[in-house]
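Structural characterization, general
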Amino acid sequence: PSTNGIELVPASQVNPPVSEINVGGSAVGTFQADPAGSGGTTTTYSVSDAINTTGVLNAAPQEVYQTERRGSDFTYTVSNLTPNASYLVRLHFAEIYWSSTGQRKFNVSVNGASMLKDFDIVAAAGGANRAVIREFVAVPNSDGAVAIRFTSGSADLAKASGIQVVPLTPIAAMNAGGLAK
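Residues numbered from 1 in each chain as written. Predicted model: local features only at pLDDT ≥ 70, side-chain atom pairs only at ≥ 80, totals over all residues. Heavy atoms only, no water.

Description of the overall build of the chain
Secondary structure summary: the chain contains two helices and 15 strands in total. Taking all 181 residues of the chain together, 43% fall into the buried category. Sequence-distant contacts, at least 24 apart, represent 76% of the contacts inside the chain between residues at least 6 apart. As displayed, the chain offers around 8,600 Å² of accessible surface, 48% of which is attributable to carbon and sulfur atoms. (Helix = DSSP H or I, 4+ residues; strand = E, 2+ residues; numbered from the N terminus. Buried < 20%, exposed > 50% of the residue type's maximum accessible area, 1.4 Å probe, protein only. Contact = heavy atoms within 4.5 Å. Areas by Shrake-Rupley, 256 points an atom, 1.4 Å probe, with all protein chains shown as cover.)

Some points on the confidence of the model for the chain
Here the chain averages 88 in pLDDT, while 85% of its residues score no lower than 70. Low confidence marks residues 10–14, where pLDDT is under 50. Its contacts with residues over four positions away, or in another chain, come to nine contacts. With pLDDT under 50 throughout, residues 172–181 is counted as low confidence; its partners more than four residues away or in other chains account for 11 contacts. (pLDDT = per-residue confidence, 0-100.)

Description of unusual backbone geometry
Of note in the backbone geometry, Asn 58 takes a positive phi value of approximately 55° without being a glycine. Tracing the chain through its elements places Asn 58 in the loop between strand S6 (42–46) and helix H1 (62–65). Here Asn 58 falls in the exposed class, since its relative accessible area comes to 55%. With a phi close to 60°, Asp 156 is a non-glycine residue in the positive phi region. Within the secondary structure layout, Asp 156 lies in the loop between strand S13 (146–155) and strand S14 (158–160).

Written out as structure tokens, the structure is:
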């Protein structure tokens, strides 16, 4: 992501993510166990099937994609962030229940701004049991929090497998195609 000619790159090159959640599952690697979020009624689901992460840059551990929390309306709030700083919100998905496009379409908003509308994991990933990540830049509110809300869209329930929040550090681009070192 870039802002006014300044390229923003994850500070994970220097610092680790400030929050990593295995949504619907237990702690694995650097991902903490699911704190369950807030909102309506949700359920968890898991499989032992292998998840294809080919082509996914900085994929989460396999176990993250093998779990999920699903429901019609639920929110995860990441707190203790620096107000007015920029963070990269990385949402991890793999469709482990449905097998065809159009069977699950849901919405995601970050701090009230719509980021995904009728998102179809199977269509985005190119099939079931395939990992896909969607990333968004977010600025915490004055309380230092980022709220990630999942709501049902035009088909079935919303779901998530993993959430990462990574601080962004501005680095001036040295040329049009590269980043400063």
